[in-house]
Amino acid sequence: MEQNLNLYHIFVTVARCKNISGAARALYISQPAISKAISRLEQNLNTTLFLRSSRGVKLTEAGEILYRQVESAFLAISQGEQQLKKMQELGIGHLSIGVSSTLCKYVLLPYLRTFTEENPHIQISIACQSTYQTVQEMENGSVDIGLIGENDHMDKLSFYPIQEIEDILVCTGSYLDNLKERGSLSDSPSPHEIIGASTLMLLDKGNITRQYVDKYLAMEGILAEQTLEVTSMDLLIDFARLGLGIACVIRSFVEKELEEGTFISLPLPAAIPKRRIGFAVQKNAPFSPALQKFMDSVFDSGGKFVGLV
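Residues numbered from 1 in each chain as written. Predicted model: local features only at pLDDT ≥ 70, side-chain atom pairs only at ≥ 80, totals over all residues. Heavy atoms only, no water.

A. Representation of the sheet that holds strand E7 (residues 167-171) within the structure. With respect to topology, five strands assemble into an open sheet ordered E9-E8-E10-E7-E11, the strand pairing being mixed. One side of each edge strand has no neighbouring strand; the edge strands of this open sheet are strand E9 (226-230) and strand E11 (264-265). Relative to strand E10 (residues 246-250), E7 is paired through four bridges, and the arrangement is antiparallel. Residue pairing in the sheet places Ile168 in a bridge with Val249 of E10. Sitting on the sheet, helix H7 (residues 173-181) is in contact with E7, strand E8 (199-203), E10 and E11, with an inclination near 65 degrees to E7. Helix-sheet contacts for helix H9 (residues 208-220) involve E7, E8, E9 and E10, and the interaxial angle to E8 is about 140 degrees. (Pairing = 2+ DSSP bridges. Helix = DSSP H or I, 4+ residues; strand = E, 2+ residues; numbered from the N terminus. Contact = heavy atoms within 4.5 Å. Axes fitted to C-alpha atoms, helices over the stretch in contact; angles between N-to-C directions.)

Structure (structure tokens):
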């Protein structure tokens, strides 16, 4: 088939021009070369494709059948080339992103807003899932890039940090007042006493953030009498706002509530160590044009985070 491709091109051109001389001019090759190519194709297919006369050439019945099929094939090739050209001119592409629902809402959306304004022809698909799932899908190539918290399961990934985050414990002032009214707290309670007497609201145990916080609590010897597990940080924030307990949240996500006094940041024996979040991609894997554009919009040529414009 590959050896015959040029012969088929000549065949289609002759069929369109209906004469050898016209095909020769169209293809910028000699008439003998045209005739030789047609003869070779007829030999390969063991059939006669053209009836020759002084007025030119005419397709045989076999030639008509072959022409319809080959013409459609070359038309498909031409359309494919046009589509590729259009993709290059308009920057058409596809980008798949894996991210947790929390990071999607609070961190990713501003980047997407800027990126889609600058690249309206790039289709974006987002898989809201756990960090573990995102890491696995990046490793097997199911997603192009992930926005994740730095963790111990990134051996096959390249990590590009964009910011530090700080986990804190928050609650309403009325929640603490109620604990005191019930006699659950002393006049000057320690953080251990407050948490021990409270409902501590955390993300579920499969979450990277939860595992990070659990390590801190174990290291500090902090135990809660009762815990409440939820699947998203938005729920933690909502439940804390309702006064259901003390919630472990990311400080930057509740800055407004802290400033307004809706939440109190609970003092801790030692601050929970800050950690980094960033974009991760598969190591040594080539970037698609769409992925390269996204990375260029977030990082400079040296891989340094440039932030939002």
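Read on for the rest.
B. Structural view of the packing of aromatic side chains. Here the structure, examined in full by the defined rule, presents eight aromatic pairs. An angle of 85 degrees between the planes, with centres 5.3 Å apart, marks the rings of Phe279 and Phe294 as edge-to-face. Here the residue Phe279 occupies a position in strand E12 (residues 275-282), and Phe294 occupies one in helix H12 (residues 289-298), the gap between them amounting to 15 residues. Of the residues examined, Phe279 reaches a relative accessible area of 0% and is grouped as buried. For Phe294, a relative accessible area of 0% corresponds to the buried category. Note on Phe279 and Phe299: the rings are 6.5 Å apart at their centroids and 90 degrees apart in plane angle, and the pair reads as edge-to-face. Residue Phe279 is located in strand E12, and its partner Phe299 is located in the segment after H12; the two are separated by 20 residues in the primary sequence. The exposure classification of Phe279 matches that of Phe299, with both residues buried. Counting every residue linked through ring pairs, the aromatic cluster contains Tyr111, Phe115, Tyr160, Phe279, Phe294 and Phe299. Above the plane of the ring of Tyr212 lies Arg275, whose end atom (NZ or CZ) is 5.2 Å from the centre. (Phe/Tyr/Trp six-rings, centres within 6.5 Å; stacked < 30°, edge-to-face > 60°. Buried < 20%, exposed > 50% of the residue type's maximum accessible area, 1.4 Å probe, protein only. Lys NZ or Arg CZ within 6 Å of the ring centre and 35° of its normal.)

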